[in-house]
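Letter by letter, the chains look like this.
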Amino acid sequence: MIDKILMNKNALAALKIELREYNTALPVFEMKEQQLKDVVQSIEHSINRLKKAIEQTNEEVKVWVAVIAEDTVNLSDLVKVDHVNTEKREIAGVTIEVFIDVAFENIEVDPVNTPLWVDPAINVVKDQKTNHIIWDIEKKNIELLLEELAEARRMKNALKEVFIPEAIENKRKIEIYLGDVERLAIGCAKLVKKKKQDKMAAL
């Protein structure tokens, strides 16, 4: 607003610097927004693939349910996660976890007293646990990325729709005001000069 800005050359110079900084920052936030959108989209596809894989495996193991229910083997005792390996990766200022692999406890199975279906069942359970671990990691990642994406979008919109237009308008008002002042000063100087000349001519 015109009543909130100083109408002088210093204010104009400061506005020009401010506007230059805004115009420099805008493409940075636009690029950050696009980069985050691309990564979020990629993770969403990954989560959807995991969901389908988990659902498909659940359907496939339904045929085993009756067998497992009648047996004394408890698969949860045979498949236990020892540790999960991840590494940190920074994307557009956001640190996320990237899944590397999962290590399961080395639990020995008695080959004599264990049903034949247990070995393939263990592999399926390991795959399911791995998919669920990746799912959890990706869900946390996407939450962080979406939060940063929203902030980048807010900053981009603020620059584009508020800060830059406001700075341009204030700059225009100051330039008009300073132009009017300069023209008034020139007019006054000419008037004073003419009066002096008239006075000299009258002597």
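Every value quoted in this text rests on a predicted model; they were computed, and no experiment measured them.

Engineer: Before we move on, can you summarise the overall build of the protein chain with the specific residues and values?
Structural biologist: For the protein chain, the count of helices and strands is four helices and two strands. In sequence order, the secondary structure elements of the protein chain are arranged as α-α-α-β-β-α. Taking all 203 residues of the protein chain together, the buried fraction comes to 27%. Across the protein chain, every contact between residues at least 6 apart in sequence was considered, and the portion connecting residues at least 24 apart equals 80%. By element, 55% of the accessible surface of the protein chain is carried by carbon and sulfur atoms, the whole surface being about 14300 Å².

Engineer: Explain the packing of aromatic side chains to me, using residue names and the numbers behind them.
Structural biologist: Under the defined criterion, the tally for this structure stands at one aromatic pair. On the basis of an interplanar angle of 25 degrees and a centroid distance of 5.6 Å, the ring pair of Tyr22 and Phe163 is categorised as stacked. Linking Tyr22 in helix α1 (residues 9-60) with Phe163 in helix α4 (residues 118-202), this pair joins segments that are 141 residues apart in sequence. Residue Phe163 is classed as partly exposed on the basis of its relative accessible area of 33%.

Engineer: How would you explain α1 if you had to name every residue and give the values?
Structural biologist: Taking 1.5 Å per residue as the helical rise, α1 with its 52 residues ought to reach 76 Å, and the 76 Å between its terminal C-alpha atoms agrees with that figure. A side-chain oxygen of the first residue of α1 lies 3.2 Å from the backbone nitrogen of Asn10; this N-cap is Asn8.

Engineer: Account for the pattern of salt bridges, with residues named and values stated.
Structural biologist: Tallied over the full model, the rule gives 10 salt bridges. We note a salt bridge from Glu30 to Lys160, for which the minimum N-O separation is 3.8 Å. Taken together, the residues span a long stretch of sequence, with Glu30 in helix α1 and Lys160 in helix α4 at a distance of 130 residues. Among the ionic pairs, Glu151 bridges to Arg154, the shortest N-O distance being 2.6 Å. A residue pair is termed a helical-turn pair when its members lie 3 or 4 positions apart in one helix, as Glu151 and Arg154 do in helix α4 at three residues. Sharing partners across several salt bridges, the network here consists of Glu33, Arg153 and Lys156.

What counts, and where the lines are drawn
- Residues numbered from 1 in each chain as written.
- Predicted model: local features only at pLDDT ≥ 70, side-chain atom pairs only at ≥ 80, totals over all residues.
- Heavy atoms only, no water.
- Helix = DSSP H or I, 4+ residues; strand = E, 2+ residues; numbered from the N terminus.
- Buried < 20%, exposed > 50% of the residue type's maximum accessible area, 1.4 Å probe, protein only.
- Contact = heavy atoms within 4.5 Å.
- Areas by Shrake-Rupley, 256 points an atom, 1.4 Å probe, with all protein chains shown as cover.
- Phe/Tyr/Trp six-rings, centres within 6.5 Å; stacked < 30°, edge-to-face > 60°.
- Expected span 1.5 Å × (residues − 1).
- Polar contact = N/O pair within 3.5 Å; in protein donor to acceptor, adjacent residues only side chain to side chain.
- Salt bridge = Lys/Arg side-chain N within 4 Å of Asp/Glu carboxyl O.

So, to be careful, I would describe these as geometric facts and stop short of saying anything about function.
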